[in-house]
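Inside the fold
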Amino acid sequence: DQQVKQNSPSLSVQEGRISILNCDYTNSMFDYFLWYKKYPAEGPTFLISISSIKDKNEDGRFTVFLNKSAKHLSLHIVPSQPGDSAVYFCAASVRGQNFVFGPGTRLSVLP
Amino acid sequence: EAGVVQSPRYKIIEKKQPVAFWCNPISGHNTLYWYLQNLGQGPELLIRYENEEAVDDSQLPKDRFSAERLKGVDSTLKIQPAELGDSAVYLCASTATNTGELFFGEGSRLTVL
């Protein structure tokens, strides 16, 4: 049973537009969420996090929104750049331990 | 500051052979994780260490997998004997206690023939 789901395996967006990546979770105990970006042949790199006490966190071009009642979070990238093309993973945890990762969404930003 | 270092980056072995992966976490990071990543999937937790203690190894297939973290710093993950289905990327990650963010190494890609 997948506790963290990313239902879109891939997403293509035009450069300069907004990219929206979605993530759903089933475990209501999750209280801390991370987004990671992964390039081929590299390890995942941290992008942005959000605690369940917040519903939004912003860092430059990246914003994460959390809807606890819907058990849903999303990552917005504005504006999208070709260098953002990568696989994005959503991860969830209870008290920052034992992160559970989603299957990832491959983002392609087209010039 | 050096990141999480893993070796080897790539390993090709025949089935039934043993293999070992090594991880050096970021200095001062008490918590160390080993994750397994299959192609097209997200990382899956194998084991979590707090200092030298394995506090969660419930997902580690103990019949063939073993891990250790001597002196609470470097860690080794071993598979013996390897099976075809073990072909994957083995990721090591570390974090300072209660900061939340995981720092990953580049991973060790295993191919079992």
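Presented here is an overview of the structure given in this document. (Residues numbered from 1 in each chain as written. Chains lettered and ligands numbered in written order. Predicted model: local features only at pLDDT ≥ 70, side-chain atom pairs only at ≥ 80, totals over all residues. Heavy atoms only, no water.)

1. Quick notes on the interface of chain A and chain B
Contact with chain A, which involves 17 residues of that partner, is made by 22 residues of chain B. With both sides pooled, the region where chain A packs onto chain B buries about 1,400 Å², and carbon together with sulfur makes up 51% of that total. Together, A:Pro44, A:Asn98 and A:Phe101 form the three largest contributors to the area buried by chain A at its contact with chain B, with a combined 34%. Run the count over chain A and chain B and you get 0 salt bridges. Counting the contacts that link chain A with chain B gives 6 residue pairs in polar contact (both at pLDDT 80 or more). Breaking the side of chain A that touches chain B down by element, the ones donating at least two residues are strand 4 (32–38) and strand 10 (97–101) of chain A. Within the side of chain A that touches chain B, the residues separate by chemical class into 10 nonpolar, 5 polar and 2 charged. (Contact = heavy atoms within 4.5 Å. Buried area = accessible area lost by both parts, 1.4 Å probe. Salt bridge = Lys/Arg side-chain N within 4 Å of Asp/Glu carboxyl O. Polar contact = N/O pair within 3.5 Å; in protein donor to acceptor, adjacent residues only side chain to side chain. Helix = DSSP H or I, 4+ residues; strand = E, 2+ residues; numbered from the N terminus. Nonpolar A, V, L, I, M, F, W, Y, C, P; charged D, E, K, R; others polar.)

2. So, the layout of surface pockets
Volume-wise, the largest pocket comes out at about 670 Å³. As for the largest pocket, its lining consists of 34 residues, and the residues nearest its centre are A:Val100, B:Pro43, B:Glu44, B:Leu45 and B:Gln59. Sorting elements by how many residues they give to the lining of the largest pocket places strand 10 of chain A first, with 5 residues. Residues of the lining of the largest pocket, tallied by class, amount to 16 nonpolar, 12 polar and 6 charged. Taken as a whole, the second largest pocket spans an internal volume of roughly 480 Å³. Around the second largest pocket, the lining is made up of 24 residues, and of these A:Lys38, A:Arg106, B:Gln37, B:Leu39 and B:Gly40 lie nearest the centre. Only strand 9 (86–94) and strand 11 (105–110) of chain A together with strand 9 (88–95) and strand 11 (108–112) of chain B provide two or more residues apiece to the lining of the second largest pocket. Counted by class, the lining of the second largest pocket contains 11 nonpolar, 10 polar and 3 charged residues. (1 Å grid on protein atoms, 1.4 Å probe; cavity = no way out; pocket = protein on both sides within 12 Å on 5 of 7 lines; lining within 4 Å. Points joined across faces, edges and corners; volume = space filled by probe spheres on them.)

3. Digging into unusual backbone geometry
Where the residue is not glycine, phi is negative for most of them; where a peptide bond is considered, it is trans in most cases. A:Pro79 follows A:Val78 through a cis peptide bond whose omega is -10°. By the element assignment, A:Pro79 lies in the loop between strand 8 (72–77) and strand 9. Residue B:Ser7 is joined to B:Pro8 through a cis peptide bond whose omega torsion reads -5°. If you trace the backbone, B:Pro8 turns up in the loop between strand 1 (5–7) and strand 2 (10–13). Non-glycine residue B:Asn51 carries a positive phi angle of around 55°. Tracing the backbone through its elements, the reader meets B:Asn51 in the loop between strand 5 (44–50) and strand 6 (53–56).

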